[in-house]
Amino acid sequence: MLAHLEQQPADALLALIKLHDADPRADKIDLGVGVYRTGQGETPVFGAIKAAERVLVDTQDSKAYLGPEGDMGFVRALMPYVFGEGAPDMGGRIEGMQTPGGTGSLRLALAMAKRAGATRLVVGNPSWPNHAQICRDLGLEVVEFNHAAPDGTADMDGIRKAIADGGEHDVLMLHGCCHNPTGIDYSEGEWDEIAGLLADSPMLPLIDLAYQGLGHGMEEDAYGVRRVLVSVPEAMVSYSCDKNFGLYRDRVGALYVMARDAADLPAIMSHGHALARANWSQPPDHGGAAVRIVLEDEKLTEQWLDELDQMRERMRQMRARLAQAGQAGSVDLSPMGQQNGLFSIVGLTGEQVLEIREKHGVYMAGSSRINVAGLTAGNIEKFIDAVADVSA
Ligand code: LMR
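Predicted, not measured: the structure shown is a model, and the values here were computed from it. (Residues numbered from 1 in each chain as written. Predicted model: local features only at pLDDT ≥ 70, side-chain atom pairs only at ≥ 80, totals over all residues. Heavy atoms only, no water.)

**Brief notes about helix α6 (residues 156-165)**
Within α6, burial applies to M156, G158, I159, A162 and I163. Seen end-on, α6 carries its buried residues on one side only, within an arc spanning 160 degrees. In α6, the exposed residues that point more than 90 degrees away from the buried face are D157, K161 and A164. Check the buried side of α6 and you find it contacts β3 (120-125), β4 (141-146), β5 (170-175) and α7 (188-199). The N-cap of α6, judged by a side-chain oxygen 3.1 Å from the amide nitrogen of D157 a few residues on, is D155. (Buried < 20%, exposed > 50% of the residue type's maximum accessible area, 1.4 Å probe, protein only. Helix = DSSP H or I, 4+ residues; strand = E, 2+ residues; numbered from the N terminus. Arc of directions from axis to C-beta. Contact = heavy atoms within 4.5 Å. Polar contact = N/O pair within 3.5 Å; in protein donor to acceptor, adjacent residues only side chain to side chain.)

See the structure below:
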(Lines give C-alpha, C1' and ligand atoms only; values in the text may rest on other atoms or scores of the structure.)
Protein backbone atom coordinates (compact mmCIF):
# COMPACT_ATOMS: atom_id res chain seq x y z
CA MET A 1 0.00 0.00 0.00
CA LEU A 2 2.71 2.43 0.96
CA ALA A 3 5.50 1.57 -1.44
CA HIS A 4 4.09 3.58 -4.34
CA LEU A 5 4.01 6.88 -2.44
CA GLU A 6 6.21 9.42 -4.17
CA GLN A 7 8.79 11.56 -2.46
CA GLN A 8 7.34 14.92 -1.42
CA PRO A 9 9.48 18.06 -1.33
CA ALA A 10 10.43 19.24 2.14
CA ASP A 11 8.57 22.36 3.26
CA ALA A 12 10.64 25.10 1.62
CA LEU A 13 10.54 27.38 4.68
CA LEU A 14 11.36 24.72 7.27
CA ALA A 15 14.08 23.28 5.01
CA LEU A 16 15.97 26.59 5.38
CA ILE A 17 16.68 25.77 9.04
CA LYS A 18 18.72 22.70 8.05
CA LEU A 19 20.40 24.42 5.09
CA HIS A 20 21.55 27.26 7.33
CA ASP A 21 22.73 24.89 10.08
CA ALA A 22 24.83 22.95 7.58
CA ASP A 23 26.63 26.09 6.28
CA PRO A 24 30.11 26.22 7.90
CA ARG A 25 30.64 29.97 7.32
CA ALA A 26 30.94 31.85 10.63
CA ASP A 27 29.37 35.05 9.24
CA LYS A 28 26.29 33.40 7.70
CA ILE A 29 22.99 35.20 8.37
CA ASP A 30 19.72 33.34 9.05
CA LEU A 31 16.74 35.40 7.87
CA GLY A 32 14.57 32.33 7.17
CA VAL A 33 11.88 30.94 9.44
CA GLY A 34 9.97 33.44 11.58
CA VAL A 35 11.56 33.14 14.98
CA TYR A 36 12.44 36.20 17.07
CA ARG A 37 16.14 36.72 17.77
CA THR A 38 17.93 39.04 20.18
CA GLY A 39 20.79 41.34 19.18
CA GLN A 40 23.03 38.36 19.98
CA GLY A 41 21.13 36.13 17.58
CA GLU A 42 19.47 34.05 20.30
CA THR A 43 15.85 32.95 20.83
CA PRO A 44 15.66 32.73 24.63
CA VAL A 45 12.66 31.56 26.63
CA PHE A 46 10.79 34.63 27.94
CA GLY A 47 11.64 35.37 31.60
CA ALA A 48 7.90 35.55 32.36
CA ILE A 49 7.37 32.11 30.82
CA LYS A 50 10.32 30.61 32.74
CA ALA A 51 8.81 31.93 35.96
CA ALA A 52 5.35 30.60 35.03
CA GLU A 53 6.84 27.19 34.18
CA ARG A 54 8.40 27.04 37.65
CA VAL A 55 4.99 27.76 39.19
CA LEU A 56 3.48 25.09 36.96
CA VAL A 57 6.00 22.45 38.01
CA ASP A 58 5.44 23.29 41.67
CA THR A 59 1.65 23.44 41.63
CA GLN A 60 0.39 21.13 38.90
CA ASP A 61 -1.01 18.07 40.64
CA SER A 62 -2.29 16.14 37.64
CA LYS A 63 -1.77 15.73 33.94
CA ALA A 64 -5.09 13.96 33.40
CA TYR A 65 -7.02 14.85 30.21
CA LEU A 66 -8.84 18.18 29.98
CA GLY A 67 -10.97 17.59 26.87
CA PRO A 68 -10.82 18.64 23.22
CA GLU A 69 -11.23 22.32 24.14
CA GLY A 70 -8.03 22.31 26.22
CA ASP A 71 -7.38 24.77 29.04
CA MET A 72 -10.36 27.15 29.01
CA GLY A 73 -8.62 29.31 31.65
CA PHE A 74 -5.94 30.00 29.04
CA VAL A 75 -8.52 30.57 26.29
CA ARG A 76 -10.49 33.08 28.39
CA ALA A 77 -7.44 34.86 29.82
CA LEU A 78 -6.38 35.90 26.31
CA MET A 79 -9.79 37.26 25.30
CA PRO A 80 -9.51 40.80 26.75
CA TYR A 81 -6.22 41.22 24.87
CA VAL A 82 -7.73 40.11 21.57
CA PHE A 83 -11.25 41.51 21.77
CA GLY A 84 -10.75 44.38 24.24
CA GLU A 85 -11.40 44.83 27.96
CA GLY A 86 -14.82 46.34 27.28
CA ALA A 87 -16.35 43.53 25.20
CA PRO A 88 -14.18 40.43 25.56
CA ASP A 89 -16.96 38.13 24.34
CA MET A 90 -19.30 40.55 22.50
CA GLY A 91 -22.20 39.86 24.82
CA GLY A 92 -21.69 36.09 24.91
CA ARG A 93 -21.31 35.78 21.11
CA ILE A 94 -17.63 34.70 21.22
CA GLU A 95 -16.35 31.35 22.41
CA GLY A 96 -12.95 29.77 22.01
CA MET A 97 -10.95 26.59 22.35
CA GLN A 98 -7.26 25.79 22.66
CA THR A 99 -5.43 24.46 19.59
CA PRO A 100 -1.97 23.10 18.79
CA GLY A 101 -0.44 26.41 17.64
CA GLY A 102 -1.81 28.85 15.12
CA THR A 103 -1.63 26.19 12.42
CA GLY A 104 -3.92 23.90 14.43
CA SER A 105 -6.33 26.80 14.82
CA LEU A 106 -6.34 27.59 11.09
CA ARG A 107 -6.83 23.95 10.23
CA LEU A 108 -9.77 23.74 12.60
CA ALA A 109 -11.29 27.03 11.43
CA LEU A 110 -11.16 26.00 7.78
CA ALA A 111 -12.46 22.50 8.47
CA MET A 112 -15.38 23.97 10.46
CA ALA A 113 -16.09 26.47 7.69
CA LYS A 114 -16.10 23.60 5.20
CA ARG A 115 -18.63 21.71 7.31
CA ALA A 116 -20.73 24.89 7.33
CA GLY A 117 -20.70 25.10 3.53
CA ALA A 118 -17.51 26.97 2.60
CA THR A 119 -15.99 25.95 -0.71
CA ARG A 120 -13.35 28.66 -1.25
CA LEU A 121 -10.75 30.61 0.67
CA VAL A 122 -10.20 34.11 -0.67
CA VAL A 123 -6.71 35.25 0.34
CA GLY A 124 -4.29 38.03 -0.54
CA ASN A 125 -1.25 37.15 -2.61
CA PRO A 126 1.33 36.69 -1.26
CA SER A 127 0.32 34.99 1.96
CA TRP A 128 1.84 32.46 4.35
CA PRO A 129 2.24 29.36 2.12
CA ASN A 130 0.60 27.11 4.71
CA HIS A 131 -2.77 28.87 4.21
CA ALA A 132 -3.08 27.44 0.70
CA GLN A 133 -1.52 24.14 1.75
CA ILE A 134 -4.17 23.55 4.44
CA CYS A 135 -6.90 24.40 1.91
CA ARG A 136 -5.50 21.98 -0.65
CA ASP A 137 -5.49 19.25 1.97
CA LEU A 138 -9.10 20.04 2.94
CA GLY A 139 -10.29 20.29 -0.66
CA LEU A 140 -11.08 24.01 -0.49
CA GLU A 141 -10.41 26.12 -3.57
CA VAL A 142 -8.00 29.05 -3.10
CA VAL A 143 -8.85 32.35 -4.81
CA GLU A 144 -6.23 35.09 -4.65
CA PHE A 145 -6.29 38.87 -4.81
CA ASN A 146 -3.30 41.16 -4.88
CA HIS A 147 -2.18 42.28 -1.41
CA ALA A 148 0.84 44.53 -1.91
CA ALA A 149 0.99 47.66 -4.07
CA PRO A 150 4.32 48.44 -5.82
CA ASP A 151 5.11 51.21 -3.31
CA GLY A 152 5.18 48.77 -0.38
CA THR A 153 1.71 49.62 0.99
CA ALA A 154 -1.55 47.64 0.82
CA ASP A 155 -3.33 47.30 -2.51
CA MET A 156 -6.78 48.47 -1.43
CA ASP A 157 -8.29 48.01 -4.87
CA GLY A 158 -7.34 44.32 -4.66
CA ILE A 159 -9.27 43.70 -1.45
CA ARG A 160 -12.17 45.97 -2.45
CA LYS A 161 -12.74 43.85 -5.53
CA ALA A 162 -12.25 40.57 -3.62
CA ILE A 163 -14.97 41.55 -1.16
CA ALA A 164 -17.27 42.84 -3.93
CA ASP A 165 -16.88 39.48 -5.73
CA GLY A 166 -17.23 37.37 -2.56
CA GLY A 167 -20.11 34.94 -2.20
CA GLU A 168 -21.86 33.04 0.57
CA HIS A 169 -19.54 30.03 0.29
CA ASP A 170 -16.38 32.14 0.65
CA VAL A 171 -14.08 32.55 3.64
CA LEU A 172 -11.96 35.73 3.54
CA MET A 173 -8.53 35.34 5.13
CA LEU A 174 -7.19 38.50 6.74
CA HIS A 175 -3.87 38.90 8.57
CA GLY A 176 -4.73 40.75 11.79
CA CYS A 177 -1.31 42.43 12.00
CA CYS A 178 2.32 41.95 10.93
CA HIS A 179 1.37 40.51 7.54
CA ASN A 180 3.31 37.37 6.66
CA PRO A 181 5.30 37.60 4.34
CA THR A 182 5.15 41.31 3.41
CA GLY A 183 4.91 43.20 6.73
CA ILE A 184 2.31 45.36 4.92
CA ASP A 185 -0.64 45.94 7.24
CA TYR A 186 -3.83 47.90 6.69
CA SER A 187 -3.91 51.33 8.34
CA GLU A 188 -6.72 52.05 10.80
CA GLY A 189 -8.58 53.95 8.08
CA GLU A 190 -8.19 50.99 5.72
CA TRP A 191 -9.49 48.58 8.37
CA ASP A 192 -12.49 50.89 8.84
CA GLU A 193 -13.21 50.67 5.13
CA ILE A 194 -12.71 46.87 5.01
CA ALA A 195 -15.00 46.39 8.01
CA GLY A 196 -17.64 48.54 6.30
CA LEU A 197 -17.41 46.53 3.10
CA LEU A 198 -17.63 43.25 5.03
CA ALA A 199 -20.78 44.44 6.79
CA ASP A 200 -22.55 44.13 3.43
CA SER A 201 -20.80 40.94 2.32
CA PRO A 202 -21.86 37.30 2.81
CA MET A 203 -18.21 36.23 3.22
CA LEU A 204 -17.03 34.74 6.52
CA PRO A 205 -13.94 36.62 7.78
CA LEU A 206 -11.16 34.44 9.22
CA ILE A 207 -8.52 36.60 10.88
CA ASP A 208 -5.09 35.10 11.40
CA LEU A 209 -3.58 36.80 14.46
CA ALA A 210 -0.17 35.22 14.93
CA TYR A 211 1.98 38.24 15.83
CA GLN A 212 -0.05 40.39 18.21
CA GLY A 213 2.24 42.84 20.01
CA LEU A 214 5.08 42.64 17.49
CA GLY A 215 3.79 45.43 15.22
CA HIS A 216 2.84 48.50 17.26
CA GLY A 217 1.64 47.01 20.59
CA MET A 218 -0.95 44.57 21.94
CA GLU A 219 -3.81 47.11 21.74
CA GLU A 220 -2.77 48.70 18.45
CA ASP A 221 -2.33 45.33 16.74
CA ALA A 222 -5.88 44.30 17.68
CA TYR A 223 -7.48 47.26 15.89
CA GLY A 224 -8.37 45.35 12.72
CA VAL A 225 -9.82 42.32 14.53
CA ARG A 226 -12.00 44.46 16.77
CA ARG A 227 -13.11 46.72 13.92
CA VAL A 228 -14.17 43.78 11.76
CA LEU A 229 -15.91 41.97 14.61
CA VAL A 230 -18.19 44.88 15.49
CA SER A 231 -19.24 45.13 11.83
CA VAL A 232 -20.06 41.56 10.87
CA PRO A 233 -22.47 38.93 12.24
CA GLU A 234 -20.00 36.02 12.26
CA ALA A 235 -16.21 35.66 12.22
CA MET A 236 -13.36 33.40 13.25
CA VAL A 237 -10.02 34.36 14.77
CA SER A 238 -7.01 32.04 14.69
CA TYR A 239 -4.56 32.98 17.43
CA SER A 240 -0.97 31.96 17.96
CA CYS A 241 1.14 32.46 21.10
CA ASP A 242 4.22 31.05 19.37
CA LYS A 243 5.81 34.44 18.73
CA ASN A 244 4.42 36.82 21.36
CA PHE A 245 5.11 34.36 24.19
CA GLY A 246 8.10 32.69 22.47
CA LEU A 247 6.49 29.26 22.77
CA TYR A 248 7.15 28.04 19.21
CA ARG A 249 7.77 24.33 19.76
CA ASP A 250 5.24 24.06 22.58
CA ARG A 251 2.47 24.74 20.02
CA VAL A 252 0.14 27.16 21.77
CA GLY A 253 -2.84 28.61 19.95
CA ALA A 254 -6.56 29.21 20.15
CA LEU A 255 -9.55 29.39 17.85
CA TYR A 256 -12.24 31.96 18.60
CA VAL A 257 -15.62 31.95 16.91
CA MET A 258 -18.08 34.84 16.94
CA ALA A 259 -21.63 33.67 16.24
CA ARG A 260 -24.58 35.72 14.98
CA ASP A 261 -26.49 34.68 18.08
CA ALA A 262 -25.05 33.53 21.44
CA ALA A 263 -27.55 30.64 21.42
CA ASP A 264 -25.87 29.18 18.30
CA LEU A 265 -22.41 28.97 19.90
CA PRO A 266 -22.69 25.55 21.64
CA ALA A 267 -23.67 23.83 18.38
CA ILE A 268 -20.98 25.65 16.39
CA MET A 269 -18.26 24.87 18.94
CA SER A 270 -19.36 21.23 19.12
CA HIS A 271 -18.06 20.93 15.55
CA GLY A 272 -14.72 22.35 16.66
CA HIS A 273 -14.58 19.85 19.51
CA ALA A 274 -15.52 16.94 17.22
CA LEU A 275 -12.90 17.94 14.64
CA ALA A 276 -10.25 18.36 17.32
CA ARG A 277 -11.08 14.90 18.64
CA ALA A 278 -10.72 13.42 15.16
CA ASN A 279 -7.41 15.22 14.52
CA TRP A 280 -5.40 15.49 17.74
CA SER A 281 -7.98 14.58 20.40
CA GLN A 282 -6.74 17.29 22.78
CA PRO A 283 -4.18 20.09 22.48
CA PRO A 284 -0.83 19.90 24.31
CA ASP A 285 -1.24 21.54 27.72
CA HIS A 286 2.10 22.80 28.97
CA GLY A 287 2.54 26.04 26.99
CA GLY A 288 -1.09 27.13 27.32
CA ALA A 289 -0.93 26.56 31.06
CA ALA A 290 2.23 28.71 31.26
CA VAL A 291 0.49 31.53 29.33
CA ARG A 292 -2.52 31.29 31.67
CA ILE A 293 -0.24 31.58 34.72
CA VAL A 294 1.44 34.67 33.20
CA LEU A 295 -1.91 36.32 32.45
CA GLU A 296 -3.37 35.51 35.88
CA ASP A 297 -0.44 37.23 37.65
CA GLU A 298 -0.10 41.01 37.42
CA LYS A 299 3.69 41.04 37.88
CA LEU A 300 4.30 38.29 35.33
CA THR A 301 1.97 40.04 32.89
CA GLU A 302 3.99 43.23 33.29
CA GLN A 303 7.24 41.32 32.77
CA TRP A 304 5.87 39.62 29.65
CA LEU A 305 4.67 42.95 28.17
CA ASP A 306 8.11 44.51 28.89
CA GLU A 307 9.83 41.65 27.10
CA LEU A 308 7.47 42.06 24.16
CA ASP A 309 8.19 45.82 24.06
CA GLN A 310 11.92 45.13 23.87
CA MET A 311 11.46 42.71 20.98
CA ARG A 312 9.33 45.18 19.06
CA GLU A 313 11.75 48.02 19.74
CA ARG A 314 14.72 46.00 18.47
CA MET A 315 12.91 45.13 15.24
CA ARG A 316 11.94 48.81 14.81
CA GLN A 317 15.64 49.75 15.09
CA MET A 318 16.58 47.24 12.40
CA ARG A 319 13.77 48.49 10.17
CA ALA A 320 14.86 52.11 10.72
CA ARG A 321 18.39 51.23 9.60
CA LEU A 322 17.09 49.45 6.47
CA ALA A 323 14.89 52.43 5.62
CA GLN A 324 17.81 54.79 6.16
CA ALA A 325 20.01 52.70 3.85
CA GLY A 326 17.37 53.32 1.15
CA GLN A 327 18.68 52.03 -2.13
CA ALA A 328 20.77 48.81 -2.14
CA GLY A 329 21.63 48.01 -5.75
CA SER A 330 18.33 47.96 -7.59
CA VAL A 331 16.35 47.32 -4.38
CA ASP A 332 14.63 50.10 -2.41
CA LEU A 333 14.77 49.11 1.26
CA SER A 334 13.00 52.26 2.47
CA PRO A 335 9.39 50.87 2.60
CA MET A 336 10.59 48.37 5.24
CA GLY A 337 10.69 51.23 7.76
CA GLN A 338 6.89 51.49 7.58
CA GLN A 339 6.18 47.76 7.52
CA ASN A 340 5.48 45.71 10.65
CA GLY A 341 6.52 42.61 12.49
CA LEU A 342 9.02 39.94 11.64
CA PHE A 343 8.73 39.95 7.87
CA SER A 344 9.30 42.02 4.75
CA ILE A 345 9.91 41.12 1.14
CA VAL A 346 13.23 42.37 -0.21
CA GLY A 347 12.21 42.08 -3.86
CA LEU A 348 15.03 39.84 -5.13
CA THR A 349 14.45 37.33 -7.93
CA GLY A 350 14.63 33.59 -7.21
CA GLU A 351 18.09 33.53 -8.78
CA GLN A 352 19.27 36.42 -6.63
CA VAL A 353 17.95 34.63 -3.51
CA LEU A 354 20.15 31.64 -4.40
CA GLU A 355 23.10 33.88 -5.23
CA ILE A 356 22.94 35.78 -1.93
CA ARG A 357 22.82 32.43 -0.14
CA GLU A 358 25.76 30.90 -2.02
CA LYS A 359 27.97 33.96 -2.25
CA HIS A 360 27.24 35.71 1.06
CA GLY A 361 25.71 33.05 3.33
CA VAL A 362 22.46 35.06 3.66
CA TYR A 363 19.45 32.72 4.06
CA MET A 364 15.96 33.96 3.19
CA ALA A 365 12.78 32.37 1.82
CA GLY A 366 12.52 31.81 -1.93
CA SER A 367 10.08 34.74 -2.16
CA SER A 368 12.94 36.94 -0.81
CA ARG A 369 11.04 37.28 2.46
CA ILE A 370 13.38 38.13 5.32
CA ASN A 371 12.93 37.66 9.03
CA VAL A 372 13.92 41.14 10.21
CA ALA A 373 14.65 39.73 13.68
CA GLY A 374 17.59 37.82 12.17
CA LEU A 375 19.33 41.16 11.60
CA THR A 376 21.57 42.60 14.32
CA ALA A 377 23.83 45.63 14.70
CA GLY A 378 26.64 43.18 13.91
CA ASN A 379 25.33 41.81 10.60
CA ILE A 380 22.95 44.39 9.10
CA GLU A 381 25.66 46.26 7.15
CA LYS A 382 26.84 42.99 5.62
CA PHE A 383 23.22 42.21 4.69
CA ILE A 384 22.68 45.59 3.00
CA ASP A 385 25.96 45.24 1.07
CA ALA A 386 25.04 41.69 0.01
CA VAL A 387 21.63 42.84 -1.31
CA ALA A 388 23.38 45.64 -3.21
CA ASP A 389 25.91 43.16 -4.63
CA VAL A 390 23.42 40.60 -5.97
CA SER A 391 20.87 43.13 -7.23
CA ALA A 392 23.32 45.57 -8.85
C1 LMR B 1 7.05 31.56 9.33
O2 LMR B 1 6.27 31.95 8.45
O3 LMR B 1 8.29 31.57 9.19
C4 LMR B 1 6.49 31.09 10.63
O5 LMR B 1 5.13 31.28 10.68
C6 LMR B 1 6.91 29.70 10.93
C7 LMR B 1 6.18 28.69 10.14
O8 LMR B 1 5.64 27.75 10.75
O9 LMR B 1 6.17 28.78 8.91
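**As for the packing of helix α2 (residues 47-59) against helix α11 (residues 298-325)**
The N-to-C vectors of α2 and α11 enclose an angle of 150 degrees; their axes lie 8 Å apart at closest approach. By the criterion of interaxial angle, the relationship of α2 to α11 is roughly antiparallel. Together, G47, A48, A51 and A52 of α2 and L300, Q303, W304 and E307 of α11 make up the contact between the two elements. Taken together, the residues of the contact of α2 with α11 sort by class into 5 nonpolar, 2 polar and 1 charged. (Axes fitted to C-alpha atoms, helices over the stretch in contact; angles between N-to-C directions. Parallel < 35°, antiparallel > 145°, perpendicular 65-115°, else oblique. Nonpolar A, V, L, I, M, F, W, Y, C, P; charged D, E, K, R; others polar.)

**Let's talk about the packing of helix α10 (residues 286-296) against α11**
Helix packing geometry: the angle between the two helix axes and the distance between the axes. Contact pair α10 / α11: the axes reach a minimum separation of 5 Å and the direction vectors enclose 105 degrees. Judged by the angle between their axes, α10 and α11 are roughly perpendicular. Only E298, L300, T301 and W304 of α11 make contact with α10, whose side of the interface consists of I293, V294, L295 and E296. Residues of the contact of α10 with α11, tallied by class, amount to 5 nonpolar, 1 polar and 2 charged.

**Brief notes about the pairing of strand β6 (residues 204-209)**
Of all the 6 residues making up β6, 6 are buried; the element is thus mostly covered by neighbouring parts of the structure. By the alternation rule, side chains of β6 split into L204, L206 and D208 and P205, I207 and L209, which are all buried. In the sheet, β5 pairs with β6 via 5 bridges, with the strands oriented parallel. What sits directly across from L174, in β6, is I207. For the crossover that starts at β5, traverses α7 and ends in the parallel β6, the hand is right-handed. Examined bridge by bridge, β6 and strand β7 (residues 235-240) share 4 bridges and lie parallel to one another. Bridging from a neighbouring strand, I207 pairs with V237 of β7. Read from β6 through helix α8 (residues 223-229) to β7, the crossover connection turns out right-handed. (Pairing = 2+ DSSP bridges. Right-handed = clockwise from strand over helix to strand, strands pointing away.)

**Looking at the site of the ligand**
Around the ligand sit L13, V33, G34, W128, N180, Y211, K243, F343 and R369, and those are all the residues in its vicinity. Interatomic distance of 2.7 Å between a backbone N/O atom of G34 and an oxygen atom of the ligand. When the free accessible area of the ligand is taken as 260 Å², the share hidden by the protein chains comes to 81%. In the shell around the ligand, the residues fall into 5 nonpolar, 2 polar and 2 charged. Structurally, the shell around the ligand is a two-domain feature, drawing no fewer than three residues from each of domain 1 (11-44 + 312-390) and domain 2 (65-296). (Near = heavy atom within 4 Å. Areas by Shrake-Rupley, 256 points an atom, 1.4 Å probe, with all protein chains shown as cover. Domains from an automatic or database assignment.)

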